[in-house]
Amino acid sequence: MATNLENKITAINATLCQWLAVDEDQILGQHIKALLTKPSQILFLGNILPTLQQNQKTEENYLQFKVQGAQPQPFMVNVKQIEHDGRMYFSYALMKMDRRYLIEEQLIKERKRAEEISREKERLNCELQSAQQQLIVKQDELLRLNKTLQLLTVTDSLTGLPNRRAYDQEIERKLAYFKRHQRCFCLIIFDIDRFKHVNDTFGHDSGDSVLKQIAKVLQVTIREIDVLARIGGEEFAIILPNTGLQTAAEVAERCRSSIHHATFVCGQVTASFGVADSHKNDSKEDIYRRADESLYQAKQQGRNQVVMTSTVECQ
Ligand SMILES: Nc1nc2c(ncn2[C@@H]2O[C@H](COP(=O)(O)OP(=O)(O)OP(=O)(O)O)[C@@H](O)[C@H]2O)c(=O)[nH]1
């Protein structure tokens, strides 16, 4: 609907005519207040019109329109001033209140739904975060277990020393390093003397306790960079990096003496030592064989002694 600035109706559409049960001809040229109930006329003239004249627009006004032969009908009314063909008009947009209620209800429902979705999203985000944290914890746990497992595969369970597998890996590393840098290293192999007798006389547990004590005694006798490993039942190896044969023999002698002077559950225990140094193009079997031959010789010569394979390569 439109009026001129004197508020006389200049246009009205068919729908509004139908709603108000009036004819277009009947309405055109009339003052707009003719369509309103008394209270709405007062509201329009006292409030809405001054606002419209001042701001050229006014929104969300509630007015009761008369309906011929029926009860008045409430409308929500937005008005703005417009120009058409060089003339100024007030353009009215009317919305039936029942329709407005419907839209508002729908809007409220949509807002509630949006809030629910946002809450659900937040809840899912929290769940996701907690699942991610749990995943991190599990991954850490797995990493720790893997490390433990890895450690177990290279550790002798009785003494806690590196086992045969760790010894093999270490000797391979030392041989590779020796090939690249010509830095000599030595291998000491030692074996407890008459250990069968210890087991037979004092029992297997006492034998185990001797093995553990020897590991402890020797760990404080050698340098930190030396690797002490249990490579067989009562056979041990010490890998000494950057060490010549003479020094290795002195270390072996120190170890022999430490064992000899220690007190074990079964009393005194001795061990025999074989020492060998690294040669050019050695395999791990080569150096082991030379150290083992020396050890065999030490056993043959009466045990509780150190024998080294003489060499000129690393002196
Ligand atoms: N208690 C205990 N005994 C072990 C273990 N591993 C090997 N032995 C024992 O070590 C003994 C080694 O005996 P032998 O090979 O005859 O050598 P030995 O008695 O030490 O004699 P020599 O080496 O010639 O001085 C055997 O009785 C094995 O059962 C172990 O983990 N614990």
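Each chain carries its own residue numbering, running from 1 in the written order of its sequence. Only residues with pLDDT of at least 70 get local features here, since the model is predicted, and only at 80 or more are side-chain atom pairs given and counted; chain-wide, interface and lining totals rely on the full set of residues. Hydrogens and water are ignored here; the side-chain numbers use all heavy atoms of the structure.

The name that an unreviewed UniProt entry assigns to the protein is diguanylate cyclase, with the source organism given as Thiomicrorhabdus marina. Among the UniProt annotations of the protein, the heading Catalytic activity (unreviewed entry) holds the following wording: "2 GTP = 3',3'-c-di-GMP + 2 diphosphate". UniProt positions are given in the numbering used here, feature names are shortened, and annotations may be inferred rather than shown by experiment.

Caption draft 1: Layout of the overall build of the protein. Under the DSSP-based scheme used, a helix requires at least four consecutive residues in state H or I and a strand at least two consecutive residues in state E, with every element numbered from the N terminus. The secondary structure content of the protein amounts to nine helices and ten strands. For the protein, buried positions account for 38% of its 315 residues. For the protein, restricting intrachain contacts to residue pairs at least 6 apart in sequence, the fraction spanning at least 24 positions comes to 58%. Here, Shrake-Rupley sampling with a 1.4 Å probe gives the accessible areas, and only protein chains in the shown set may cover a residue. Total accessible area computed for the protein in this model is approximately 19100 Å², and 50% of it derives from carbon and sulfur atoms. Exposure classes here rest on a 1.4 Å probe applied to the protein chains alone. A residue is buried below 20% of its type maximum, exposed above 50%, and partly exposed in between. In this description, contact between two residues means that some pair of their heavy atoms is separated by no more than 4.5 Å.

Caption draft 2: Fine view of the packing of aromatic side chains. Centres within 6.5 Å make a pair out of two Phe, Tyr or Trp rings, where for Trp the six-membered ring is used; the pair is then stacked when the planes are under 30 degrees apart, edge-to-face when over 60, and tilted otherwise. The full count for this structure, using the stated rule, is five aromatic pairs. Here F190 and F236 contribute two aromatic rings whose centre-to-centre distance is 5.0 Å and whose plane-to-plane angle is 5°, an arrangement assigned as stacked. Taken as a pair, F190 in strand 6 (residues 186-192) and F236 in strand 8 (residues 235-240) lie far apart in primary sequence, 46 residues in all. Each of the two residues, F190 as well as F236, counts as buried.

Caption draft 3: Representation of the packing of helix 6 (residues 195-202) against helix 7 (residues 204-219). Angles shown run from 0 to 180 degrees and are taken between the N-to-C directions of axes, each axis being a line fitted to C-alpha atoms and, for helices, limited to the stretch in contact. Axis separation between helix 6 and helix 7 bottoms out at 6 Å; the angle between their running directions is 135°. As far as their axial angle goes, helix 7 and helix 6 are oblique. Facing F195, V198, N199 and F202 of helix 6, the residues of helix 7 in contact are H204, S206, G207, V210 and L211. Under the grouping applied here, Gly and all other residues not named as nonpolar or charged are polar, the nonpolar ones being Ala, Val, Leu, Ile, Met, Phe, Trp, Tyr, Cys and Pro and the charged ones Asp, Glu, Lys and Arg. A breakdown of the residues in the contact of helix 6 with helix 7 according to their chemical character gives five nonpolar, four polar and no charged. Angles below 35 degrees are treated as roughly parallel, those above 145 as roughly antiparallel, those between 65 and 115 as roughly perpendicular, and all remaining angles as oblique.

Caption draft 4: Representation of the nonpolar core in the model. Side-chain atoms within 4.5 Å are what join buried Ala, Val, Leu, Ile, Met, Phe, Trp, Tyr and Cys residues into a set we call a nonpolar core. By size, the foremost hydrophobic cluster in this structure holds 31 residues, and its most contacted members are F190, V210, I214 and I259. Once you skip the residues sitting within four places of it in the chain, F190 turns out to touch I214, L218, L228, E234, E235, F236, I238, I259, A271, S272, F273 and L295. Counting residues in hydrophobic clusters, the runner-up holds 24 residues, among them I27, L35, V67 and V79.

Caption draft 5: Geometry of the pairing of strand 8. Of all six residues in strand 8, six are buried, a share of seventy percent or more. Neither face of strand 8 is exposed, since E235, A237 and I239 on one face and F236, I238 and L240 on the opposite face are all buried. Pairing between strands requires that DSSP locate at least two bridges from one strand to the other. One ladder, built from six bridges, connects strand 6 with strand 8; its direction is antiparallel. Bridge pairing in strand 8 links F190 to F236.

Caption draft 6: Seen up close, the pattern of salt bridges. Here, a salt bridge means any side-chain nitrogen of Lys or Arg that lies within 4 Å of a carboxyl oxygen of Asp or Glu. Taken as a whole and assessed by the stated rule, the structure comprises 17 salt bridges. In this structure, the salt-bridge partner of K174 is E170, at a minimum N-O distance of 2.5 Å. Taken together, the positions of K174 and E170, both in helix 5 (residues 164-181) and four residues apart, correspond to about one turn of that helix. Considered together, K174 and E170 belong to a single accessibility category, that of buried residues. Of the charged contacts in the structure, one is a salt bridge between R289 and D286, with a shortest N-O distance of 3.5 Å. Here R289 pairs with D286, and both are found in helix 9 (residues 284-300), just three residues apart, close to one helical turn.

Caption draft 7: A look at the site of the ligand. We call a residue near a molecule or strand whenever a single non-hydrogen atom of that residue lies within 4 Å of it. In the neighbourhood of the ligand, 16 residues make up the surrounding shell, with R194, F195, N199, D208 and R230 lying closest. Pairing of N or O atoms within 3.5 Å defines a polar contact, subject to two protein rules: one partner must be a possible hydrogen donor and the other a possible acceptor, and residues neighboring in sequence count only if both atoms are side-chain atoms. Contact distances for the ligand include 3.1 Å between a nitrogen atom and a backbone N or O atom of H204. Contact distances for the ligand include 3.3 Å between an oxygen atom and a side-chain N or O atom of E234. In isolation the ligand offers 660 Å² of accessible surface; the protein chains occlude 67% of this area. Counting residues per element, the ones that place at least two in the shell around the ligand are strand 6, helix 6 and helix 7. In terms of residues, the shell around the ligand owes the most to one element, helix 7, which gives four residues. Grouping the amino acids of the shell around the ligand by side-chain chemistry returns three nonpolar, four polar and nine charged.

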